[in-house]
Every structure is written in structure tokens, then in C-alpha cells.
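Report on the structure
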Amino acid sequence: QVQLVESGGGLVQAGGSLRLSCAASGRTFSSYAMGWFRQAPGKEREFVVAISWNSAYTYYADSVKGRFTISRDNAKNTVYLQMSSLKPEDTGVYYCAAEYNYGPPRRSVTEYDYWGQGTQVTVSS
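One structure accompanies this document, and this report is about it. Nothing here was measured: the structure is a model prediction, and the numbers come from that model. (Residues numbered from 1 in each chain as written. Predicted model: local features only at pLDDT ≥ 70, side-chain atom pairs only at ≥ 80, totals over all residues. Heavy atoms only, no water.)

Some points on the pairing of strand E7 (residues 68-73)
As a reminder, the rule being used: Throughout this description, buried means an accessible area under 20% of the type-specific maximum (1.4 Å probe, protein chains only), exposed means over 50%, and partly exposed covers the range between. Helix numbering and strand numbering both begin at the N terminus, where a helix is a DSSP run of H or I of at least 4 residues and a strand a DSSP run of E of at least 2. In this analysis, strands are considered paired if DSSP registers two or more bridges between them.
Burial of the side chains of E7 is restricted to one face: Phe-68, Ile-70 and Arg-72 are buried, whereas none of Thr-69, Ser-71 and Asp-73 on the reverse face is. Here E7 pairs with strand E8 (residues 78-83) via six bridges, running antiparallel. Across the sheet, residue Phe-68 finds its bridge partner in E8, namely Met-83. Counted between consecutive antiparallel strands, the loop separating E7 from E8 contains four residues, among which Asn-77 sits at a positive phi close to 55°.

Written out as C-alpha cells, the structure reads:
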């Protein structure tokens, strides 16, 4: 079992920045690829970004490329999402997720084994 707890969400104006954190406990964090997903009201959960267990691979959704940066610190069992130039369409609940995977991370919701409870990000125009 892996327990994931997100933090760092909040209300920010368009153009602003936020840094989300996801702290993991339980099984060996470095065995897992990590992903961030988000879900806006009335919409399906969507892929945002993912990082491999050793940070060798990162994949971004086109909508966030150049604005968001994912990183991880395996010594601290934490993955981060730095979000800049935020837009109102970035609003939603952001979830971190873990996939037991030593290869390139995947982008599908169904591939991930463990999920956090989510943190709300609201970007005002």
C-alpha cells in the first residue's frame, strides 16, 4: 500500500503560480512512477504530467507544456508540481497518483495503482 497526501492548492489569480506537493508513505517510493491528474467540475479526470521512478522521463499534457514542471525527491518521498502562468482553465482538483513501474510513466488514469485525496486549485480571471 502507498498513501499519498497532496498539499499546496489554493486560490490564485490568472498569471500566478502555485507549487503542489505530494507526500508518499508506505511502500518504497522510488519503485513508483508518479503522475498528476486534474478534474474540473462536470469533466472527466485528465492527465497533466508524469515522471518516472528515477526522473529520467517526464511527460506533459500539451495544455501545460512550458508552464508546469514536475520533479521528485526520492529521499523525501515527495513529488512536486510547479505551476506557473496559471489560467482559469487550470482550475480543478489536482490528484497525485502512483504506478508501480520501472519504465517510462504512463498517462492513463487506469494505469495508476494509488491515488491521493486531491487538492483544489482555483484560478480566477
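Quick word on the nonpolar core
Quick reminder of the rule: As used in this record, nonpolar core signifies buried Ala, Val, Leu, Ile, Met, Phe, Trp, Tyr and Cys residues forming a set joined through side-chain atoms within 4.5 Å. Note on definitions: a residue-residue contact is assigned when non-hydrogen atoms from the two residues lie within 4.5 Å.
With 34 residues, the main nonpolar core has Leu-4, Met-34, Trp-36, Phe-68, Met-83 and Tyr-94 as its most contacted residues. At the level of secondary structure, the elements contributing two or more residues to this core comprise strand E1 (2-7), strand E3 (18-26), strand E4 (32-39), strand E5 (46-51), E7, E8, strand E9 (92-100) and strand E11 (119-124). With five residues, E5 is the single largest residue contributor to this core. Leave out the neighbours within four places in its chain, and Met-34 touches Leu-4, Cys-22, Phe-29, Val-49, Ala-50, Ile-51, Ile-70, Arg-72, Val-79, Ala-97, Ala-98 and Tyr-112.

Thoughts on the packing of aromatic side chains
Note the following rule: Centre distance within 6.5 Å is the pairing criterion for rings of Phe, Tyr and Trp, where only the six-membered ring of Trp is used; planes under 30 degrees apart are then read as stacked, over 60 as edge-to-face, and the remainder as tilted.
Within this structure, the stated rule accounts for nine aromatic pairs. On the basis of an interplanar angle of 75° and a centroid distance of 5.4 Å, the ring pair of Trp-53 and Tyr-102 is categorised as edge-to-face. Within this pair, whereas Trp-53 is found in the loop between E5 and strand E6 (58-60), its partner Tyr-102 is found in the loop between E9 and strand E10 (114-115), the two being separated by 49 residues in sequence. Judged by relative accessible area, Trp-53 falls into the partly exposed class, the value being 28%.

Some words on the environment of Tyr-112
In this structure, Tyr-112 sits in the loop between E9 and E10. With a relative accessible area of 6%, Tyr-112 lands in the buried category. Distance in space between the C-alpha atoms of Tyr-112 and Leu-4 is 12 Å, their sequence separation being 108 residues. In contact with Tyr-112, other than residues within four places in its own chain, are Ala-33, Met-34, Gly-35, Phe-37, Ala-50, Ala-97, Ala-98, Glu-99, Pro-105 and Arg-106.

With respect to unusual backbone geometry
Positive phi values are uncommon outside glycine, yet Asn-77 reaches one of about 55°. Take Asn-77: it is sitting in the loop between E7 and E8. Given a relative accessible area of 28%, Asn-77 falls into the partly exposed group. With a phi close to 50°, Ser-85 is a non-glycine residue in the positive phi region. Note that Ser-85 resides in the loop between E8 and E9.

With respect to the side chain of Arg-72
Inclusion rule: Think of it this way: Lys and Arg go in the positive column, Asp and Glu in the negative one, and His and the chain ends go nowhere. We define a salt bridge as a side-chain nitrogen of Lys or Arg found within 4 Å of a carboxyl oxygen belonging to Asp or Glu. Here a polar contact is taken to be a pair of N or O atoms separated by no more than 3.5 Å, where protein atoms must pair a possible hydrogen donor with a possible acceptor and residues adjacent in sequence count only if both atoms sit in side chains.
Along the chain, the position of Arg-72 falls in strand E7. No salt bridge is formed by the buried Arg-72; the nearest opposite charge belongs to Asp-73, separated by 8.3 Å. From its side chain, Arg-72 meets the backbone oxygen of Phe-29 in a polar contact 3.1 Å long. Of note is the side chain of Arg-72, whose polar atom sits 3.0 Å from the backbone oxygen of Ser-52. In contact with Arg-72, not counting residues within four places along its chain, are Phe-29, Ser-30, Tyr-32, Ala-33, Met-34, Ile-51, Ser-52, Trp-53, Ser-55, Thr-78 and Val-79.

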